[in-house]
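Read off the chains here:
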Amino acid sequence: MAGHIEDSSVKILKFGGSSLATPDRVRSVARIVGEARAEGPLAVVVSAFGGVTDALIAAADSASRHDEEYQEQWQALRKRHLDAVRELAAPDPSSANPIVPDVDSGHLEGHLESLLEDLRDLLHGVFLLRETSPQTLDSVLSYGERMSSEVVAFSLRQAGFASRACDARRLIVTDDNFGNAQVDRETSYRKVSSELRNDVSRQDESHHDGEIAVITGFIAATPSGRTTTLGRGGSDYTAALIGAAVEAQAIELWTDVDGVMSADPRSVADAFPQPRLSYAELMELSHFGAKVVYPPSVHPARSLGIPLVIKNTFNPAAAGTLVTETAPPDDHPIRGISAIHHVALMRLEGDGMVGVPGIAMRLFGALARSGVSVILISQSSSEHSICFAVSPEDAKRARFAVEEELALERQAGIVDALIVEGDQSVIAVVGEQMRQRPGLAGRLFGVLGEHDISVRAIAQGSSELNISLVIDQANKAAALSVIHHAFFAPRLRRVALAVVGVGHVGGAFLEQLRAVAKNLQEREGLDLRVVALCNSRRMLIDPSGTDLTGWRQGLEGQQSDPLDDERFRAALSEVVGAQRVLIDCSASDRMGPSFEGLLKAGVSVVAANKLPFAGDAELFERLRSAASVGRCSLLHEATVGAGLPVLSTLADVIRSGDHVVRIDGGLSGSVNAVLEDLAGGKLFSQALRDAHRKGLTESHPWQDLSGGDVARKLCILGRLAGRTLEMQDIEVEPVVRGDWGNMSLDAFWAALPEVDDKLRRLSDEAITRGHRLRYVASLDETGARVTLATVPPEHPAHGLAGADNLVAFTTARYCDSPLVLRGPGAGPEVTAAGVFADVLRAIDRRVS
């Protein structure tokens, strides 16, 4: 039992290696301790300086290999510690009062030199023997904490506080399991209470008199005085043992993060510190990979109900995480997600295991006798198989132990050969509120299924505090991200967008998105971020989302790069935890060949670019199939009707069982606008210039006049209506005949007036007869054609105005009067609106 200190209000403050990595950080620790000292008595536990334990391991390893490099490694350790003392002895440049108290650093330097000489002698012995036993390694590692405690105590004296280094080997008693010694708590608590009672009580009486004990973490000793260690992370355990021994008011674990995070921030950008946790939740998260707290540290505090507080040395103002027996409920169904990154999954199965008692006992008994720690266990209800996970370092030993234990059963065919799968990870979803949330497990596995992440094994206790699952290691980061997003931000769906082509249409789309992004987030819970955009020369990539107020400057500025198709696609395809949409607003086929792979990978494709959909018919069908495989969307409404819902209407007609007999349309809003101006009295050449200036035409207007653009639209419509149609199957009459396509734009404008008289005559003749000159497309059982024609009043295209498009579907059901869609069919704003609608439709389809 703990050694009671009457009316103990003492706090235990533990500082990890990252908090002590430099002299400036040591000074920060002294300031934190000073502020806490003003509130009451305390004791301090310290780790070795950041990186020193690893350096000591490396030096011991070099010495054991008879490598004289250990001398240089020792010299580096010596220099680091002595330099730290000298820097701490100098005035603090950041202090408002740089006067240094009269504290003798020479005595400390001499003491450190003595410790360092002992360390060198120990390493030299290892060098001569060419062997490092676990006992010797523990002795080598102890020097890190023994030196850091002296330096931190010195820094506190520099700050004006009475302080002394305290070697925990006099306090913590363990067995001789070197490297991971087991603590004799009763004896240790008695020694700790006796050692610290005087310091704590004198602090409590005067707030100034008693010394602050700076205790070495991590290290302990056997009853005979041999040095042991408590396992990596053992300084947390030391602090918890000291706190329990004195029945502390609180145990504060100071580290380099703002508390226990909801997930590993290296994998989940949106991870946040949890303000409250229960002991049980902290134990589960720590066991399954959360590195903030060493798991054995929880029990000593929990046994006496001592709060644990996890704080950030680099952000002392942050509230941190308070850990108590119970934590108040919050809005989230879980508290956190942690992961063990590397495990080996082993599976023992066999028909002879069913109904045979003792197999599991023998299996795990063999593992225990071999010193193998089992991380996770999962057994089928049929008893046909048992899965368990171990660390990769234990996998070989585990396999040998199991095969040896069950050799006879294997020979008799009762069990099969042990199956071992490497490169696996364990994901643990933890929270005491989970048991009150029916359907949570279904939601967990559903979100993993949506992102094509397979689960290899599952384990859940009856307490429902933890659902653990094994997945391929390659999917770990994605799994953490999508689970975190699903449970901690369920009302905000992240969508990553990549925009190809930022000319008239692409630029208009980005401006429309900028204008409504905030409303979409607030009203519909959609967080749309453009992670990549490009023109034909350069690309701008920002995984956190491009600032749309300055995307043009960014694309032309230093933060952009020359266009690299592979990097551009990767910027989108490698996004995790978000829906992904590629938006092609270009007029080239540069990205088209990559659509199939993106779709199969679950990236939706939205396009205003007709080329990929009017090219090879076989590719067109493969793209549609790929979208089905990837369970995502392939939407290109704007390729035909700009902002009109032409393709979605056609899809609904066919899905409902109707049959398309004929398609008629005015499918070029730009040409129609020019013909309307011609009918109103303008010259054709001037009307086309005006349309070009308004952005209604392609960059070179011949693309509109040639009929190729309309033919591509008709090809897409025909394919979606069920026709096997290639571009060469369509008869195309250009608006004007001639070799206009090989002219430069300037030469084109100069020569265009040559056709003014002819087109004026055609338009006037049509008007005289009550007809209109229209550029029309048609598809029926006789074929597909695009032509400049005069249409009578009963033709659907007769009443077209301005830049309107029109499509008329004559079907088995709409046979007497066709189904007509009409509206604006050209212009960047209208087309961008059609693209935007497709983007939102793609998001909604994936969610549903």
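Rules behind the numbers
Residues numbered from 1 in each chain as written. Predicted model: local features only at pLDDT ≥ 70, side-chain atom pairs only at ≥ 80, totals over all residues. Heavy atoms only, no water. Phe/Tyr/Trp six-rings, centres within 6.5 Å; stacked < 30°, edge-to-face > 60°. Helix = DSSP H or I, 4+ residues; strand = E, 2+ residues; numbered from the N terminus. Buried < 20%, exposed > 50% of the residue type's maximum accessible area, 1.4 Å probe, protein only. Lys NZ or Arg CZ within 6 Å of the ring centre and 35° of its normal. Pairing = 2+ DSSP bridges. Axes fitted to C-alpha atoms, helices over the stretch in contact; angles between N-to-C directions. Contact = heavy atoms within 4.5 Å. Right-handed = clockwise from strand over helix to strand, strands pointing away. Salt bridge = Lys/Arg side-chain N within 4 Å of Asp/Glu carboxyl O.

A. Up close: the packing of aromatic side chains. For the structure on display, the rule yields nine aromatic pairs. Centroid distance Tyr70 to Phe127: 5.3 Å. Interplanar angle 40°. Geometry classified as tilted. You can see Tyr70 sitting in helix 3 (residues 69-89) and its partner Phe127 sitting in helix 4 (residues 105-129), a full 57 residues away along the chain. Between Phe748 and Trp749 the ring centres are 5.3 Å apart and the planes differ by 70°, which places this aromatic pair in the edge-to-face class. Note on accessibility: Phe748 and Trp749 belong to one class, buried. Among the aromatic side chains, those forming a connected cluster through ring pairs are Trp740, Phe748 and Trp749. Between the NZ or CZ atom of Arg719 and the centre of the ring of Phe620, over which it lies, the distance is 5.5 Å.

B. Main features of unusual backbone geometry. In this structure, Arg130 takes a positive phi of about 55° despite not being glycine. Mapped onto the secondary structure, Arg130 falls in the loop between helix 4 and helix 5 (134-158). Given the relative accessible area of 52%, Arg130 is considered exposed. In this structure, Ala642 takes a positive phi of about 55° despite not being glycine. By the secondary structure assignment, Ala642 is in the loop between helix 21 (638-641) and helix 22 (646-655).

C. Expanded view of the sheet that holds strand 26 (residues 772-780). In space, the six strands of this open sheet follow the order 25-27-26-24-28-29, with mixed pairing throughout. With one partner strand each, in any of the chains shown, strand 25 (730-732) and strand 29 (819-824) form the two edges of the open sheet. In this sheet, adjacent strand axes meet at a mean angle of 20° when their direction is disregarded. The pairing of strand 25 with strand 27 (residues 783-791) spans three bridges and is classified as parallel. The residue bridging Val732 from the neighbouring strand is Val786, located in strand 27. Contacting strand 24 (660-666), strand 25, strand 26, strand 27 and strand 28 (804-811), helix 26 (residues 708-720) crosses the sheet at an angle of about 35° to strand 26. Relative to the sheet, helix 28 (residues 756-768) contacts strand 26 and strand 27, its axis offset from that of strand 26 by approximately 85°.

D. Looking closely at the environment of Gly503. With respect to the helices and strands, Gly503 occurs in the loop between strand 17 (493-500) and helix 15 (504-524). Its relative accessible area of 46% is what places Gly503 among the partly exposed residues. A C-alpha to C-alpha distance of 30 Å links Gly503 and Ala808, two positions 305 residues apart in sequence.

E. Highlighting the sheet that holds strand 4 (residues 212-216). Read from one edge of the open sheet, eight strands run 3-4-2-1-7-9-10-8, paired in mixed fashion. At either end of the open sheet lies a strand with only one pairing partner, and these are strand 3 (163-166) and strand 8 (276-278). Across this sheet, the average inter-strand angle for adjacent strands is 20°, counted without regard to direction. Of the strands in this sheet, strand 1 (11-15), strand 2 (42-46), strand 4 and strand 7 (250-255) are in contact with helix 1 (residues 23-37), which crosses strand 1 at around 170°. Its contacts with the sheet put helix 7 (residues 234-245) on strand 1, strand 2, strand 4 and strand 7, and the angle it makes with strand 1 is roughly 170°.

F. Representation of the pairing of strand 28. The element strand 28 is extensively covered by neighbouring structure, given that eight of its eight residues are classed as buried. Here strand 28 shows a buried face lined by Asp804, Leu806, Ala808 and Thr810 and a second buried face lined by Asn805, Val807, Phe809 and Thr811. Note: strand 24 against strand 28, six bridges, orientation antiparallel. By the bridge assignment for strand 28, Asp664 is matched with Ala808. Pairing between strand 28 and strand 29: six bridges, direction antiparallel. When the bridges of strand 29 are listed, Asn805 appears paired with Gly823.

G. Highlighting the pairing of strand 17. Most of strand 17 sits out of view: seven of its eight residues are buried. Where strand 17 lies against strand 18 (residues 526-534), eight bridges are found, and the strand directions are parallel. What sits directly across from Arg493, in strand 18, is Leu526. Crossover connection from strand 17 via helix 15 to parallel strand 18: handedness right-handed. Both strand 17 and strand 21 (residues 579-584) contribute to a ladder of six bridges, which runs parallel. Paired with Val499 across the bridge in strand 21 is Ile583.

H. Structural detail: the pattern of salt bridges. Tallied over the full model, the rule gives 55 salt bridges. The partner of Glu618 in a salt bridge is Arg622, and the shortest N-O contact between them spans 3.8 Å. Of this pair, Glu618 and Arg622 both sit in helix 20 (residues 617-629), four residues apart, which is roughly one turn of the helix. Its salt-bridge partner being Arg841, residue Asp838 comes within 2.4 Å of it at the nearest N-O pair. In this pair, Asp838 and Arg841 both sit in helix 29 (residues 828-847), three residues apart, roughly one turn of the helix. Given the relative accessible area of 1%, Asp838 is considered buried. One salt-bridge network, held together by shared partners, links Arg347, Glu349, Glu421, Arg456 and Asp472.

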